[in-house]
Amino acid sequence: MVVCSSMAAWAAAASAGVLAAFLLFCLQEAVLERPFSLRPTRPAKDMDNIFQLVRNVIPPLTSKKHKGQDGKIGIIGGCKEYTGAPYFAAITALKVGADLSHVFCTKDAATVIKSYSPELIVHPVLDHPNAVSEVDKWLPRLHTLVIGPGMGREDAILDNAKGIIEKAKSKGLPIVIDADGLWLIAQQPAIIQGYQRAVLTPNFMEFSRLYEALLSEPVETSDQHGSVLRLSQAMGNITIIQKGERDLISDGDKVLVCSHEGSSRRCGGQGDLLAGSLGVLLHWALLAGHEKINAQNPFLVAAFGACSLTRQCNHQAFQKCGRSMTTSDMISEVGTAFNKLFET
Ligand SMILES: NC(=O)C1=CN([C@@H]2O[C@H](COP(=O)(O)OP(=O)(O)OC[C@H]3O[C@@H](n4cnc5c(N)ncnc54)[C@H](O)[C@@H]3O)[C@@H](O)[C@H]2O)[C@@H](O)CC1
Ligand SMILES: Nc1ncnc2c1ncn2[C@@H]1O[C@H](COP(=O)(O)OP(=O)(O)OP(=O)(O)O)[C@@H](O)[C@H]1O
Ligand SMILES: [Mg+2]
């Protein structure tokens, strides 16, 4: 994996007059850069290997800890149609290393999700008339909220999700917004705009919808870096992961590229795995403190970790299953993938 200083690299590229070649070089594996800026950037010591920064935030396993310390994650999602997505996110959070994983879903979905796993705590409240206060009671006991996997797009549920986001913001809770949560944000960006303790994780379609809503023009597909940077800026410097062949991650200042090897298999649910793992890594990155992440943005560090892990799970599962690989196969790989990337 390669991490480049944008300034040094810009200078090299400019003098050679071959910006395209420079970008290709930097994108070999992963890039940490400050694009579209000719102003001086911080020195190269900032540009430490980002994998190392992810490793630094992983909490040690010790006998002195109590249940919950390594992460209590809440997933807002799960409705009649979609029960797999919140399950994938919640179980991944546990497999990555969180201690407790809660799912707040509709009544219809709750028994189904419980039947997938005895490890999840499932609250059938999302279509309850008092959904917001029912979830609010739990917020002080959670470290991160992941909002949207399998939530559906019914107006009443979206209204509840909006209320829950407002409560979470008032408590300063880190929030990951994915899937139908992003549908809501594309309709009403102000709900999350400027709240820098949030990460948005759009796929191609979700990114296009957000971009058009915020910037009133179609995405410039030939300029992926610029697009993700501009969208993050328009959202008030919220961290955005644009998922795809390469994952682009931006906080409106820097752009990281994760092109860790995955596979060509695109079964549904991989984004849910990413969202659940990000929930845990965000908690760890925020807890670790500035020194451990070399004063980098903890949201970028966590996002890079979650993207690499998802792609590594995909790679390993594909090696075993080939075309028959499903997201459940990827979840079986979380432990070894995590170990290979971050603990060896
Ligand atoms: N097992 C489950 O319960 C699953 C439920 N899911 C849920 O399904 C709901 C809808 O999510 P979607 O992601 O389908 O919704 P979107 O409306 O964002 O996506 C619509 C369609 O865009 C297409 N698309 C994606 N990437 C594309 C690309 N690069 N170029 C062109 N088209 C592209 C996909 O085929 C998808 O069907 C969400 O609640 C989500 O969480 C998914 O997470 C998948 C798994
Ligand atoms: N073309 C691709 N090549 C390699 N990896 C990809 C490709 N597209 C997406 N990914 C990876 O798959 C993961 C999920 O991205 P994807 O775009 O499938 O999300 P999604 O559509 O939200 O998934 P879900 O089905 O869970 O809703 C990300 O880690 C991303 O890096
Ligand atoms: Mg998705």
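Here the structure is shown first, and the text comes after it.
Attention in this report is confined to the structure presented alongside it. Position numbers for residues count from 1 along each chain, tracking the sequence in the order it is written. Each chain gets a letter, beginning with A, and each ligand a number, beginning with 1, in the order they are written. pLDDT decides what is reported in this predicted model: residues at 70 or higher carry local features, side-chain atom pairs at 80 or more are listed and counted, and totals for whole chains, interfaces and linings draw on all residues regardless. To get the side-chain values, take all heavy atoms of the structure and skip hydrogens and water.

A word on the nonpolar core. We call a set of buried Ala, Val, Leu, Ile, Met, Phe, Trp, Tyr and Cys residues a nonpolar core when their side-chain atoms join them within 4.5 Å. A simple rule labels every residue: compare its accessible area, found with a 1.4 Å probe on the protein chains alone, to the largest value its type can have, and call it buried under 20%, exposed over 50%, or partly exposed in between. Leu 120, Ile 241, Ile 249, Leu 278, Trp 284, Leu 309 and Phe 342 are the most contacted members of the largest nonpolar core, which has 61 residues in total. The element that contributes the greatest number of residues to this core is helix H12 (residues 298-321), accounting for 11 residues. Contacts were defined at the residue level, with two residues in contact if any of their heavy atoms lie within 4.5 Å. When neighbours within four sequence positions are excluded, Leu 278 is seen to be in contact with Val 176, Val 199, Thr 201, Ile 241, Ala 302, Ala 303 and Ala 306. Grouped together as the second largest cluster of nonpolar side chains are 41 residues, Leu 126, Ala 161, Ile 191 and Val 228 included. Helix numbers and strand numbers start at the N terminus; a helix is a DSSP run of H or I with at least 4 residues, a strand a run of E with at least 2.

Moving on to a negative patch on the surface. Together, Glu 81, Asp 108, Asp 127, Glu 154, Asp 155 and Asp 159 make up a negatively charged patch on the protein surface. Position of Asp 127 relative to the elements: it lies in the loop between strand E4 (121-124) and helix H6 (131-136). Residue Asp 127 is classed as partly exposed on the basis of its relative accessible area, which comes to 40%. Like charges are joined within 9 Å and nonpolar side chains (Val, Leu, Ile, Met, Phe, Trp, Tyr) within 5 Å, but only among residues with over 30% relative accessible area and no salt bridge; these make up the patches. For the area figures, the Shrake-Rupley method with a 1.4 Å probe applies, and any residue is considered shielded solely by the protein chains shown. By salt bridge we mean one thing: a side-chain nitrogen of Lys or Arg within 4 Å of a carboxyl oxygen of Asp or Glu. Positive charge is attributed to Lys and Arg, negative charge to Asp and Glu, and no charge count is given to His or to the chain ends. Charge placement uses NZ in Lys and CZ in Arg. For Asp and Glu, CG and CD serve respectively.

Of the pairings in the sheet, the one linking strand E3 (residues 100-105) to E4 comprises four bridges and is parallel in character. The partner of Val 103 across the bridge, within E4, is Val 122. Chirality of the crossover, the property in question, places the unit of E3, helix H5 (residues 107-116) and E4 among those that are right-handed. Strand pairing is defined by DSSP finding a minimum of two bridges between the two strands. Seen with the strands pointing away from the viewer, any crossover whose path from the first strand over the helix to the second strand runs clockwise is right-handed.

A separate point is the side chain of Asp 272. Within the fold, Asp 272 resides in helix H11 (residues 270-288). This buried residue, Asp 272, is left without a salt bridge; Lys 243 holds the nearest opposite charge, at 6.6 Å. If we skip the residues at most four places from it in the chain, Asp 272 touches Ala 85, Phe 88, Ala 89, Pro 149 and Asp 178.

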